[in-house]
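Next come the chains, spelled out residue by residue.
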Amino acid sequence: MTVQAQLHCLCLFTLYLTTGYGQDGRFSGPLKPMTFSIFEGQEPSQIIFQFKANPPAVTFELTGETDGIFHIQQDGLLYHNRALDRETRAVHKLQVSALDAHKAIVEGPVPITIIVKDINDNQPTFLQPKYEGSVRQNSRPGKPFMYVNATDLDDPATPNGQLFYQIVIQLPQVNDVMYFQINNKTGAISLTPQGSWELDPVKNPSYTLMVSVKDMGGQNENSFSDSTSVDITVKENIWKAPAPVEIVENSTDPHPIKITQVRWNEPGAQYSLVEKEKLPRFPFSIDQEGDIYVNQPLDREEKDSYVFYVDAKDELGKPLALPLQIHVKVKDINDNPPTCPSTVTVFEVQENEKIGNKIGILTAHDMDEMNTINSILEYRIVDQTPKSPREGLFLVDRLSGAFQLAKQSLKKQDTPQYHLTVEVSDKDFKTLCHVQINVIDINDQIPIFEKSDYGNLTLAEDAVVGSTILTIQATDADEPFTGSSKILYHITQGDSEGRLGIDTDPQTNAGYVVIKKPLDFETAAIHHIVFQAENPEPLVDGVKYNASSFATFNLFVTDVNEAPQFSQQVFQAKVSEDVAIGTKVGNVTAKDPEGLDISYSLRGDTRGWLKIDPVTGEIFSIAPLDREAESLYRVQVVATEVGGSSLSSTAGFHLALSDVNDNAPRLVKEYTGLFFCHPLGEPRSLIFEATDDDQQSFRGPHFTFSLGSNSLQNDWEVSKINGIILAVVFIKMKKNKGRDNVENAQAPEVKPLRN
């Protein structure tokens, strides 16, 4: 072997050791199927593997997708002589066979797979040098409205082909706020929350974005990159409430009928209607195109307008924006005839009524829409009964329905009543209404008292309220039982405080003077009363009330001795139970209506604790007070006139005593006949309960317990079971004089006496 050949073999062997490997980690081995992974872009003449074969094999043959790159030597050394390119071919499928000296295959062919591993040798490239798109103002933030796309020939399964998109510049940029955002992985462009809220095509109709893309996921400073520009046009928001809709009522067209529409800024929204008020039937619907329909004929007289809302939601059911309000007005047609206000409308006219004076107004109704041609009514008299003394005695205003007297005045003795038939019409319908006109007597006579002076009457001031003290009588010559002859009585002088009232008998017009409020001698001992009689109907012109409609009456009130009156029915006071004897604990006050002096005294002072000053009404303690005996001490105070009839009245005096700690604790009962047998077989115990007569707090008594002498502590122990809710002591006798500690004693039977 030549030196040159030896050097060549040494070189190949070195390359083999540094680069060649099989899937089992060896650099050489028998002929069998194998897979090799090789990075693209490596220098040529790289050793891959050396195959070995058994005789009679003397050489090897390589076939398949060699692309003139892969070769095998006679000794089985597999290598490539040019750099690999994954983007040209990512996998090479080869076959290796072992041949004998006659070129016959003795082993194989076996498949050999060469996987070309990627390196970052390609720059990402945008598909377009410039992108254009549009977006509606107020579009949902985060929802893409356009995409930018770039490609990279490197392996997408490796970081080499993983692209990272980024907005580098936004023009214009208002207040340093980004209105647009991009999905770093997909290139999807959407609005930010600020952009959704603030974009306005009036202020800025277009924006330009500079967008970059990097490979290696944008995480490597040596990443390749590319950039493009994106021009975005801002369009007006079309999610707006439509104009109010008018629908003609009682339509005979086939339903449903499209009445209006709404549109969300982007396709794919899900629409629904929401009622503003709950109706027995909701006559509207919406399809998923945003078209709104009325599903049935509407009746304006049933409901003249509707208000409801339209919601737009995304595919997940989330609202895209605030609902829109839809107004629907039902347009009227003339489908209702006029109606009369009642079966018969009654008017009254006085017999001396002047020609042209109004008698009354007939107001018919029409259910059609007010202030439209459909509800404008016209009135016309078509008949008058009787026709005496002549026809056409009455006129009616064609538009207002107001009746007037025409041609002459009426006389009740001639015809007391007229019946009119009135035609009421709108532009399509007519209705007949009936009017009755009563001729009434005029109020040309005044009430006249039967006598002008009803004399004098003396009553005690304690006369019973509600009693009748006098009957007065006036007469009226007008037609009986009409407003012209009915008499109402009033007191015009002498009773400013309204102590008297007058009730009128509707049949006889007699007036009954009644005491409405108690009489009071001290306020007014003499009343000079003036009565007036008048009609509820106004008098005719030229007739006035005169002295005949007035009468007088004198009422003398005599004094009645009345008992003193306390300022209140119950007087209350509060003192501590340990106040000193002679302490003022309260006072009472009373007055005598006649102004007499009053003397005070006590009644019911069963414990003899109090005394009262007979002149001032001040109350003092005269003995020790005891809350435990009586916490609220009740007595009666008597106020008696001094002189006169010695009338008296009573009031209550309630004295509340507040507690002081003036009682020692005590056992709740006598504990006698108790004993323990000695010696004790086991620790024994007794329970004692204590109490205190003083007022307890809400937590109960707080006591401490101890044994009487130190010598007892050797054999006995006191334990407080409950010193808050119950005052209880737990006394245990120690076993064998203390040799067994009481803390070891178990007394499960011991419980508090009560909760």
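Since this is a predicted model, take the numbers as computed values, not measurements.

1. Focus on the packing of aromatic side chains
Thinking step 1. Tallied over the full model, the rule gives 21 aromatic pairs.
Thinking step 2. For the ring pair Trp239 and Trp264, a centre distance of 5.7 Å and an interplane angle of 75° mean the geometry is edge-to-face. Separated by 25 residues along the polypeptide, Trp239 in the loop between strand E17 (225-235) and strand E18 (245-248) and Trp264 in the loop between strand E19 (257-261) and strand E20 (270-275) bring together distant segments of the chain.
Thinking step 3. Pairing Tyr454 with Phe531 gives two aromatic rings, centres 6.5 Å apart and planes at 80°, and the pair type is edge-to-face. Linking Tyr454 in strand E33 (residues 453-460) with Phe531 in strand E38 (residues 526-534), this pair joins segments that are 77 residues apart in sequence. Comparing Tyr454 with Phe531, the two get one shared label, buried.
Thinking step 4. An aromatic cluster is built from Phe449, Tyr454, Tyr489, Phe531 and Phe553, whose rings are joined through pairwise contacts.
Thinking step 5. Its end group placed over the ring of Tyr306, Lys303 keeps NZ or CZ at 5.5 Å from the ring centre.

2. Considerations on the sheet that holds strand E26 (residues 358-361)
Thinking step 1. With antiparallel pairing, three strands are arranged side by side in an open sheet as E26-E29-E28. Looking at strand neighbours, the two that pair on one side only are E26 and strand E28 (394-396), the edges of this open sheet. Going across the sheet, the axis of each strand differs from the next one's by a mean of 25°, ignoring polarity.

3. Some points on the environment of Gly356
Thinking step 1. Checked against the element boundaries, Gly356 lands in the loop between strand E25 (344-350) and E26.
Thinking step 2. For Gly356 and Ala406, which are 50 residues apart along the polypeptide, the C-alpha to C-alpha distance reads 5.9 Å.

4. Some words on the pattern of salt bridges
Thinking step 1. Summed over all chains, the structure comprises 26 salt bridges.
Thinking step 2. We note a salt bridge from Glu369 to Lys329, for which the minimum N-O separation is 3.7 Å. Of this pair, Glu369 sits in the loop between E26 and strand E27 (378-385) while Lys329 sits in strand E24 (residues 324-331), and the two are 40 residues apart along the sequence.
Thinking step 3. Where Asp383 meets Lys387, a salt bridge forms, and the shortest distance between an N and an O atom there is 3.4 Å.
Thinking step 4. Exposure remark for Asp383: the relative accessible area of 29% places this residue in the partly exposed category.
Thinking step 5. The class of Lys387 is partly exposed, set by a relative accessible area of 41%.
Thinking step 6. Because the salt bridges share partners, they merge into one network encompassing Glu65, Asp67 and Arg89.

5. Considerations on the side chain of Ser223
Thinking step 1. Secondary-structure assignment places Ser223 in the loop between strand E16 (206-214) and E17.
Thinking step 2. Taking the relative accessible area as the measure of exposure, Ser223 reaches 15% and is therefore buried.
Thinking step 3. A distance of 3.1 Å separates a polar atom in the side chain of Ser223 from the backbone oxygen of Asp215.
Thinking step 4. A polar atom in the side chain of Ser223 sits 2.6 Å from the backbone oxygen of Asn220.
Thinking step 5. Among all residues touching Ser223, those that are not within four sequence positions of it are Lys214, Asp215 and Met216.

6. What about the environment of Ile472?
Thinking step 1. Structurally, the position occupied by Ile472 is in strand E34 (residues 468-475).
Thinking step 2. Exposure remark for Ile472: the relative accessible area of 0% places this residue in the buried category.
Thinking step 3. Among all residues touching Ile472, those that are not within four sequence positions of it are Phe449, Tyr454, Tyr489, Ile502, Ala510, Gly511, Val513 and Phe531.

7. As for the nonpolar core
Thinking step 1. With 24 residues, the main nonpolar core has Phe566, Val588, Tyr600, Leu610, Phe653 and Leu655 as its most contacted residues.
Thinking step 2. Of all the secondary-structure elements, those providing two or more residues to this core are strand E41 (570-576), strand E44 (598-603), strand E45 (610-612), strand E47 (632-641) and strand E48 (648-658).
Thinking step 3. Beyond its immediate sequence surroundings of up to four residues, Phe653 is in contact with Phe571, Ala573, Val585, Gly586, Val588, Leu610, Ile619, Tyr633, Arg634, Val635 and Val637.

8. What to know about empty space enclosed by the protein
Thinking step 1. Under the defined criterion, the tally for this structure stands at one cavity of 30 Å³ or more.
Thinking step 2. When its volume is computed, the largest cavity comes out at roughly 40 Å³.
Thinking step 3. Taken together, Glu275, Lys276, Glu277, Leu279, Phe282, Lys303, Tyr306, Val307 and Phe308 make up the full set of residues lining the largest cavity.
Thinking step 4. Top element by residues in the lining of the largest cavity is strand E23 (residues 305-313). It accounts for three residues.

9. Things to note about the confidence of the model for the protein
Thinking step 1. Of the residues in the protein, 87% reach a pLDDT of 70 or more, and the chain-wide mean stands at 86.
Thinking step 2. Per-residue pLDDT, averaged within each element of the protein, yields its smallest value for helix H1 (residues 3-19) (35) and its largest for strand E14 (residues 180-182) (97).
Thinking step 3. Per-residue pLDDT stays below 50 along residues 1-23; that stretch engages in 32 contacts with residues further than four places along the chain or on separate chains.

10. Topic: the sheet that holds E34
Thinking step 1. Read from one edge to the other, the open sheet built from four strands follows the order E32-E34-E37-E36, with strand pairing classed as antiparallel. Whereas interior strands pair on both sides, the edge strands pair on one side only; in this sheet they are strand E32 (448-449) and strand E36 (500-504).

11. Brief notes about the environment of Gln572
Thinking step 1. One can find Gln572 in strand E41.
Thinking step 2. A relative accessible area of 66% means that Gln572 is categorised as exposed.
Thinking step 3. Along the primary structure Gln572 and Leu655 are separated by 83 residues, whereas in three dimensions their C-alpha atoms are 6.0 Å apart.

12. Re the state of the cysteines
Thinking step 1. One pass over the full model with this rule turns up one disulfide.
Thinking step 2. Here Cys340 pairs with Cys433 through a disulfide, and the sulfurs are 1.9 Å apart. Between Cys340 and Cys433, the disulfide has an S-S torsion of -95° and is therefore left-handed. Highlighted residues: Cys340 in the loop between E24 and E25 and Cys433 in strand E31 (residues 430-440), separated in sequence by 93 residues.
Thinking step 3. You can call Cys340 partly exposed: its relative accessible area is 24%.
Thinking step 4. The exposure class of Cys433 is buried, given its relative accessible area of 2%.

Rules used in this analysis
- Per-chain numbering applies: the sequence of each chain, read as written, is numbered from 1 onward.
- Restriction of local features to residues with pLDDT of at least 70 applies here, the model being predicted, together with a cutoff of 80 or more for giving and counting side-chain atom pairs; totals for whole chains, interfaces and linings are based on all residues.
- Remark: hydrogens and water are excluded; side-chain values derive from all non-hydrogen atoms of the structure.
- Only rings of Phe, Tyr and Trp enter the pairing, Trp through its six-membered ring, and a pair is recorded when the two centres are within 6.5 Å. The plane angle decides the type: under 30 degrees is stacked, over 60 is edge-to-face, the rest tilted.
- Per the convention used, a helix needs a DSSP run of H or I reaching at least four residues, while a strand needs a run of E reaching at least two, with both numbered from the N terminus.
- Relative accessibility decides the category of a residue: with a 1.4 Å probe and only protein chains considered, values under 20% of the type maximum give buried, values over 50% give exposed, and everything between is partly exposed.
- Comment: the charge-over-ring label is applied if NZ (Lys) or CZ (Arg) is within 6 Å of the ring centre and within 35 degrees of the ring normal.
- Paired strands are those between which DSSP finds at least two bridges.
- Axis geometry follows a simple rule: fit a line to the C-alpha atoms, using only the stretch in contact for helices, then measure angles between N-to-C directions, giving values from 0 to 180 degrees.
- Here, a salt bridge means any Lys or Arg side-chain nitrogen found within 4 Å of an Asp or Glu carboxyl oxygen.
- Each polar contact in these results corresponds to two N or O atoms within 3.5 Å; when the atoms are within protein, one needs to be able to donate a hydrogen and the other to accept it, and residues that are neighboring in sequence are counted only if both atoms are side-chain atoms.
- By definition, residues are in contact when any of their heavy atoms lie within 4.5 Å.
- Only buried Ala, Val, Leu, Ile, Met, Phe, Trp, Tyr and Cys residues count toward a nonpolar core, and they belong to the same one when joined by side-chain atoms within 4.5 Å.
- The way it works is a 1 Å grid over only the protein atoms, where trapped points that fit a 1.4 Å probe form a cavity and open points with protein on both sides within 12 Å along at least five of seven lines form a pocket, and then any residue with an atom within 4 Å of a point lines it.
- Grid points are joined across faces, edges and corners, and a volume is the space filled by probe spheres set on the points.
- Values of pLDDT, which run from 0 to 100, indicate the predictor's confidence residue by residue.
- Criterion for a disulfide: a pair of cysteine sulfur atoms at a distance within 2.5 Å.

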